[in-house]
Amino acid sequence: RSSAASDVYKRQPQEQPDYLTFASAGSVRAYFRAFGAPPESCTCVCIGPVTAAALQERTPAPFLTAPDISAASIASAILHHKTSAFFRRKRGHEL
């Protein structure tokens, strides 16, 4: 890790995020360079297919891709995922 990335890492909360969003292939590369693989408990969300391809090259973990290239579409993908998970748990089906 670079010293700047280490400084950011030290300031981050100790709790793990539920979602990690990527808005470009460059952000995927930068994240992995600075921090390595995302936490296993975290679901990654990509803004589009180019970003998704960059993420897929770096991790076998499943992730979400927003249907449209916009911040609103990323939010919609997260809400849909959270809602789907909630209803699966309500019916007794753990993820």
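In short, a report on the structure. (Residues numbered from 1 in each chain as written. Predicted model: local features only at pLDDT ≥ 70, side-chain atom pairs only at ≥ 80, totals over all residues. Heavy atoms only, no water.)

**As for the pairing of strand β2 (residues 43-46)**
Operational definition: Classification of residues uses two cut-offs on accessible area relative to the type maximum, computed with a 1.4 Å probe and protein chains only: under 20% is buried, over 50% is exposed, and between them is partly exposed. Each helix corresponds to a stretch of at least 4 residues labelled H or I by DSSP, and each strand to a stretch of at least 2 residues labelled E; elements are numbered beginning at the N terminus. At least two bridges found by DSSP between two strands are what make those strands a pair. Here a crossover is taken to be right-handed if, once the strands point away from the viewer, the path from the first strand over the helix to the second is traced clockwise.
With burial as the criterion, each face of β2 is covered, one bearing Thr43 and Val45 and the other bearing Cys44 and Cys46. The pairing of strand β1 (residues 19-22) with β2 spans 4 bridges and is parallel. Paired with Leu20 across the strands is Cys44, a residue of β2. Where the polypeptide runs from β1 across helix α2 (residues 25-35) and back to β2, its parallel neighbour, the crossover connection is right-handed. As defined by bridge partners, β2 adjoins strand β3 (residues 63-65) across 3 bridges and the pair is classed as parallel.

**Things to note about the pattern of salt bridges**
Here is the rule we go by: For this document, the term salt bridge refers to a Lys or Arg side-chain nitrogen within 4 Å of an Asp or Glu carboxyl oxygen.
Under the criterion given, the structure shown has 2 salt bridges. Taking the shortest distance from any N to any O, the salt bridge between Lys82 and Asp18 comes out at 3.9 Å. Placement of the pair is Lys82 in helix α4 (residues 71-90) and Asp18 in the loop between α1 (3-11) and β1, with a sequence separation of 64 residues. A residue is classified by how much of its surface remains accessible, and Lys82, at 40% relative accessible area, is partly exposed.

**Focus: the packing of α2 against helix α3 (residues 49-56)**
Put simply, the rule reads: To obtain each axis, a line is fitted to C-alpha atoms, and for helices this fit is confined to the stretch in contact; angles are then taken between N-to-C directions over 0 to 180 degrees. For classification purposes, angles smaller than 35 degrees are called roughly parallel, those larger than 145 roughly antiparallel, those between 65 and 115 roughly perpendicular, and all remaining angles oblique. Each helix crossing is assigned a hand: it is left-handed if the near helix lies turned anticlockwise from the far helix by less than a right angle, otherwise right-handed if that turn is clockwise. By the convention used here, residues are in contact when the closest approach between their heavy atoms is within 4.5 Å. When residue character is reported, Ala, Val, Leu, Ile, Met, Phe, Trp, Tyr, Cys and Pro are called nonpolar, Asp, Glu, Lys and Arg charged, and the others, Gly included, polar.
Where α2 contacts α3, the axes come no closer than 8 Å and their chain directions differ by 25°. The angle between α2 and α3 falls in the class roughly parallel. Along this stretch, α2 crosses α3, giving a crossing that reads as right-handed. Of the residues in α3, those touching α2 at Ala25, Val28 and Phe32 are Val50, Thr51, Ala54 and Leu55. The residue makeup of the contact of α2 with α3, split by class, is 6 nonpolar, 1 polar and no charged.

**With respect to the layout of surface pockets**
Spelled out, the test is: Grid points spaced at 1 Å and placed over the protein atoms alone form the basis of the search, with a cavity being a set where a 1.4 Å probe fits but cannot get out and a pocket an open set showing protein on both sides within 12 Å along at least five of seven lines. Lining residues have an atom within 4 Å of a point. Grid points are joined across faces, edges and corners, and a volume is the space filled by probe spheres set on the points.
Roughly 270 Å³ of volume is contained in the second largest pocket. If you go around the second largest pocket, you meet 14 residues; those closest to its centre are Glu40, Cys42, Thr43, Ala61 and Pro62. At the level of elements, β2 and β3 are the ones that each hand at least two residues to the lining of the second largest pocket. Of the residues assigned to the lining of the second largest pocket, the class counts are 10 nonpolar, 3 polar and 1 charged.

**Some words on the sheet that holds β1**
Overall, parallel pairing links the 3 strands, which are arranged β1-β2-β3 in an open sheet. The open sheet has two edge strands, β1 and β3, and neither has a second partner. Averaged over neighbouring strand pairs, the angle between their axes works out to 20° when direction is ignored. Against the sheet, α3 makes contact with β1, β2 and β3, and its axis sits at roughly 165° relative to β3, the strand it touches most.

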